[in-house]
Amino acid sequence: MAKWSLLWPLTFGVASARSSEPTAFCSDDIAYLQTKASQAICDPDVLNSGRCVGDGACFGCVPASDGQKIPTDDINGFPTGFLLCENNPAVLDAPTCTISRESPFAYSFQNPKNYLQCTGSSACYNWRVKDFAALCCDGNSACRTDEGAQVTNEANFALTSGNPNCPPDVCCRGIRACSFLTNISGVSSAACSSSNACEQVTMFLSRDLFCSRRDACKRGIFRFSAAGTGPSKHCVQCLGSACKGSQMSFTAGNVELQCPGRNTCITPNISLSRSSCIHIKCDVLSCFDMSVVDDDSSGSRCFCSGAGCTNLVGPLTCETPLTVSPCGQDICKEDRSPRAFCDRGLRDPPDCSACASGGGVVGDPHITTLDGRRYTMLQQGNFLLWSFSGLDAEVPWVNGQMKRIPLDFRIYTHYSGRASFTKGILLVDRSGAAPRQALEVTSLDCAWKTKSTGSWRRSETEFLKLEAAGATFGAFNVTAGKAWHERQQRQDLGRIERSEVQLLMRQKGWTRIAQLRVTCKPGHHIAAKLKMSSTAQNRFVKGELAPSGHSTLVAGLKGGRLAFVAKDTEFAADSWRDLGGSQETATYLASTGAEGWEFLSRCEGPEETAALAVCQKHWALAKAGDSSKFVGSRNEVEQKANFLADCAFDVCAGGETAAQLAADLLNFE
C-alpha cells in the first residue's frame, strides 16, 4: 500500500482556511487508512454536476485519457460555470477531488471560461486539471500535491486565458495550500496569503505575485515571463518572511520587488535575463543575503533603494536609483500594494467571483445568463428573470441564539410592445409565503416605487428592510446613479435614468447577494444587468439568468446569423398583481400592447449598416466615458462583437435609445 506523505490535519469543528495553524497531526499511515475508509467513489454524474461536495467526494478519479474533457455530458461546461470541490467535514478531513495515483492523466475543462474553486481542507489534493480560467484554493492543504502523486512532469494546474472577464489568476488562501510539489502554469497574477501557502510551489506567471503571510512563498520557484510581445511589468510583494529562500526569475521584464518591514526577502535568489530591469525596495532589516544574477549577461539592470540594500549579495551590482521609478512607471501603486489582481488591486485579494461578468437583459430582449450564455427571447408577458432560494439568513434571537430564515428573493420582468423591449421590473421578497415587501420600476417614468406596509410610494433612494417575525433578515438598497446620464446629457443624447439595487441578507452582518443595475429612458424601455457577489452561490439561482434550466433554448437565425433563441415558457409568470406588483403598473404594462415578433426579417442591408454606425459611436462613448471600469478592456474583441451584433439589431426596432441603454451597462462591475 502506498503511503501519503502529507500529515493530514486533524481538526475539531469546521476547518478554517484563514486560521493560523492546524491544531494537531496524525501519522501518515493512520491518515491514509482513515482516508481510504471514508472515501466516496468517483461518481461521473457527481463530477459532471460541477459540485464535488462532502468528505471524500470525487476521490480517486481516473481520467480515461490524457486531457479528458469535463463535464463529459455538456460541451458548454459546468452548469454553474465552475467546478466546486468543497470539503468541510466536522472531524476528519478526507481529500475532495483527487486523481488515482496509478493514473498518469489529467482532466481538462470543456469550457475554458469555467474556473476551479477548491474550498475546505484538502480540497483538490493531488488533483490534475488544465484549460480552465482561474484557481481559488481556500482551505488547509487545498490544491496541494505530494511526492507519490507526481507521475508526470506536467503542471498539476494549467490555466488558460479563456475567460474574457478576468485573467487566469490564482488565490492560495489556506495553510499549505498550493504547496510542496504543486506545479501551476499559465498564471497571470497569484496571491499566497496564508502561512506556508505556495511553499516549494513551482509557478509560471506573467504579471504579479503577492506573498503576505509567514513562509507563504518559502523556497518557492516563481518564473515570470512576458504576457505578450515586448517588456512586461511585474510587481512582487513579500511581507514578513514570506519569500525566504525563494527563487524568482524574470525574462524581459520590468520588476518592482517590495520588501517592507523586518525580516522580509531573506535569502531569495533573483535571476534576470533578456535585459530585464529590477527595482528592489529594502527596509533596514530586510533583503539579507539576497542574490541578484544576470543569467545571460544581456545587460540586465538592478536598482535598490532603502537602508537594507547593503545586505544584498551576488554578482550583479544594484545601483542607487536616480529616479523614483528607474524601471518604469506604474509597476506598483504608491501605497505599496501591487498594481493588479484581476485588474482590481491586490491588497485584499478577491475570490473567484471576480471572474463572473454577471447576466442581464437588454434590447429585444437579449438575455445573457450568469455563466455567459446568450440568447434572444421570442415571447411577451411577465417572466421570472432571477430568483434566489435555498440559503438561510441568520438574525439574532432570544438568549443569544441565532434564528435562521430561508430566503426567497425574486425579480420579474415584463416584455411587450414593438420588438418586445423590457417595460417593467419587479423585485419581490417572498421569504414567507405570499409576496410581501416589493420594489418596481417601469419605462413610463423610470421611477422606483416601494411597497413595505401595504401601500405604494415613489422613492428615488430607499433602504427597504425585509422583516419576518419582528426581525430584520435582509434589505433592498436602492441608489440613484448619476455619472453616466449626466455625461450623456452634456452630449445631447437625451436623459438616461440609472439606478442600482443591492440585494442584502443578514449573515454575520450585512452580506450582499447580488447587485442589479438598471438603465432606463422615460417613455421608451429598460435595460438591466445583475451580478452575483459570489458565483459559488449561482447554484441557488433560477430563472432566465440562471446557468441552467433553459429547456426551450434552440438554435435559430437572427439577422442572417446563427443565434440561440427561446420562448422561456418554463419561466412564464402570473399577472403583475398576483406576483406582488401594483395595479397602476399592471394597467400601464397592459397598455404597452403585444405586437408580436417580426425580427427574423428586419434590419438588413443599408438599414443594418446605419444601425451599426450608431452602435459604434456608443461603444466608443462607453469606453471613453469610464475606461477604468470598462469591462471590455480584458477581451475587447469578443465583447465588442457581441455588443454590436445585438445593438444594431435593436436600433433598427427601437432607435438610438437602444444603443444608449446597452452602452451604459458596459461599465457595470
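Residues numbered from 1 in each chain as written. Predicted model: local features only at pLDDT ≥ 70, side-chain atom pairs only at ≥ 80, totals over all residues. Heavy atoms only, no water.

Draft legend 1. Structural detail: the overall build of the protein chain. Along the protein chain, the regular secondary structure elements total eight helices and 38 strands. With 669 residues in all, the protein chain has 57% of them scored as buried. Look at the contacts in the protein chain between residues 6 or more apart in sequence, and 58% of them connect residues 24 or more apart. With an accessible surface of roughly 26200 Å², the protein chain has 51% of that area assigned to carbon and sulfur atoms. (Helix = DSSP H or I, 4+ residues; strand = E, 2+ residues; numbered from the N terminus. Buried < 20%, exposed > 50% of the residue type's maximum accessible area, 1.4 Å probe, protein only. Contact = heavy atoms within 4.5 Å. Areas by Shrake-Rupley, 256 points an atom, 1.4 Å probe, with all protein chains shown as cover.)

Draft legend 2. Fine view of the nonpolar core. One finds Leu116, Trp127, Leu135, Phe157, Leu209 and Ile280 to be the most contacted residues of the largest nonpolar core, which totals 68 residues. Among the nonpolar cores identified, the runner-up in size contains 58 residues, and Leu464, Ala471, Ile513 and Trp576 belong to it. (Core = buried A, V, L, I, M, F, W, Y, C linked by side-chain atoms within 4.5 Å.)

Draft legend 3. Broad picture of the pattern of salt bridges. Here the structure, examined in full by the defined rule, presents 16 salt bridges. The partner of Arg214 in a salt bridge is Asp215, and the shortest N-O contact between them spans 3.5 Å. What makes Asp215 buried here is its relative accessible area of 11%. By sharing partners, the salt bridges in this structure join Asp392, Glu394 and Arg404 into a single network. (Salt bridge = Lys/Arg side-chain N within 4 Å of Asp/Glu carboxyl O.)

Draft legend 4. View of the environment of Gln380. Along the chain, Gln380 falls in the loop between β24 (374-377) and β25 (381-396). Along the sequence, Gln380 and Phe421 sit 41 residues apart, while their C-alpha atoms lie 8.9 Å from each other.

Draft legend 5. Inspection of the pairing of strand β15 (residues 232-238) at higher detail. The element β15 is extensively covered by neighbouring structure, given that six of its seven residues are classed as buried. As paired strands, strand β13 (residues 209-211) and β15 are joined by three bridges and run parallel to one another. Looking across to β15, one finds that Phe210 is bridged to Gln237. Bridge count for β15 against strand β17 (residues 253-259) is six bridges, and the pairing is parallel. Opposite Gln237, over in β17, you have Gln258 as the bridge partner. (Pairing = 2+ DSSP bridges.)

Draft legend 6. Region of interest: the state of the cysteines. In this structure the tally under the stated criterion is 16 disulfides. The partner cysteine of Cys52 in its disulfide is Cys58, sulfur to sulfur 2.1 Å. As the torsion about the S-S bond is roughly -75°, the Cys52-Cys58 disulfide counts as left-handed. For the pair formed by Cys52 and Cys58, the shared burial category is buried. (Disulfide = S-S within 2.5 Å.)

Draft legend 7. Here's a closer look at the sheet that holds strand β16 (residues 247-251). If you trace the 10 strands from one edge of the open sheet to the other, you get β2-β4-β6-β8-β10-β12-β14-β16-β18-β20, paired in parallel fashion. Single-partner strands in this sheet number two, and they are β2 (68-70) and β20 (291-294). Averaged over neighbouring strand pairs, the angle between their axes works out to 15° when direction is ignored. Pairing analysis gives four bridges linking strand β18 (residues 269-273) to β20, with the strands arranged parallel. Note on β20: the bridge partner recorded for Asn269 is Ser291. (Axes fitted to C-alpha atoms, helices over the stretch in contact; angles between N-to-C directions.)

Draft legend 8. Quick peek at the packing of aromatic side chains. In the structure shown here, the tally under the stated rule is 11 aromatic pairs. Ring geometry for Phe82 versus Tyr115: centroids 4.9 Å apart, planes at 5°, classification stacked. Here Phe82, found in strand β3 (residues 82-87), pairs with Tyr115, found in strand β5 (residues 115-120); they are 33 residues apart in sequence, far enough to count as distant. Judged by relative accessible area, Phe82 falls into the buried class, the value being 2%. Between Trp619 and Phe643, the ring centres sit 5.6 Å apart and the planes meet at 45°, which makes this aromatic pair tilted. Within this pair, whereas Trp619 is found in helix α6 (residues 606-625), its partner Phe643 is found in helix α7 (residues 636-654), the two being separated by 24 residues in sequence. Exposure class is identical for Trp619 and Phe643. Each is buried. One aromatic cluster in this structure is built from Phe78, Phe109 and Phe132. The ring of Trp510 is capped by Arg506, whose NZ or CZ atom sits 5.2 Å from the centre of that ring. (Phe/Tyr/Trp six-rings, centres within 6.5 Å; stacked < 30°, edge-to-face > 60°. Lys NZ or Arg CZ within 6 Å of the ring centre and 35° of its normal.)

Draft legend 9. Main features of unusual backbone geometry. Following Ile70, the chain continues to Pro71 via a peptide bond in cis, the omega torsion being -5°. Within the secondary structure layout, Pro71 lies in the loop between β2 and β3. Positive phi, close to 60°, is recorded for Arg176, a residue that is not glycine. When you line up the elements, Arg176 lands in the loop between β9 (170-172) and β10 (183-187).

Draft legend 10. Fine view of the sheet that holds strand β11 (residues 190-192). Taken together, the 11 strands give an open sheet; going across it, the order is β1-β3-β5-β7-β9-β11-β13-β15-β17-β19-β21, and neighbouring strands pair in parallel fashion. Taken across any chain shown, the strands that pair with only one partner, and hence form the sheet edges, are β1 (51-53) and β21 (301-305). Going across the sheet, the axis of each strand differs from the next one's by a mean of 5°, ignoring polarity.

Draft legend 11. Fine view of helix α8 (residues 656-664). In terms of residue burial, α8 counts as a mostly covered element, since eight of its nine residues are buried. Regarding α8, the residues found buried are Thr657, Ala658, Ala659, Gln660, Leu661, Ala662, Ala663 and Asp664.

Draft legend 12. Geometry of a nonpolar patch on the surface. A grouping of Val284, Leu285 and Phe288 is seen on the molecular surface, where their side chains present a nonpolar patch of about 230 Å² in accessible area. Following the sequence through the fold, Val284 ends up in the loop between β19 (277-282) and β20. Of the residues examined, Val284 reaches a relative accessible area of 52% and is grouped as exposed. (Patch = residues over 30% accessible without salt bridge, like charges linked within 9 Å, V, L, I, M, F, W, Y side chains within 5 Å.)

Draft legend 13. Structural context of helix α5 (residues 583-591). For α5, the full list of buried residues reads Thr585, Ala586, Tyr588 and Leu589. In an axial view of α5, the angular spread of the buried residues amounts to 165°, which keeps them on one side of the axis. Seen from the open side of α5, the exposed residues pointing more than 90 degrees away from its buried face are Glu584, Ala590 and Ser591. Buried residues in α5 make contact with β26 (402-415), β27 (422-429), β28 (438-442), β29 (449-451) and α4 (576-579). Just downstream of α5, Gly593 is the residue with a positive phi angle, here 80°. (Arc of directions from axis to C-beta.)

By themselves, these figures tell us nothing about what the structure is for.
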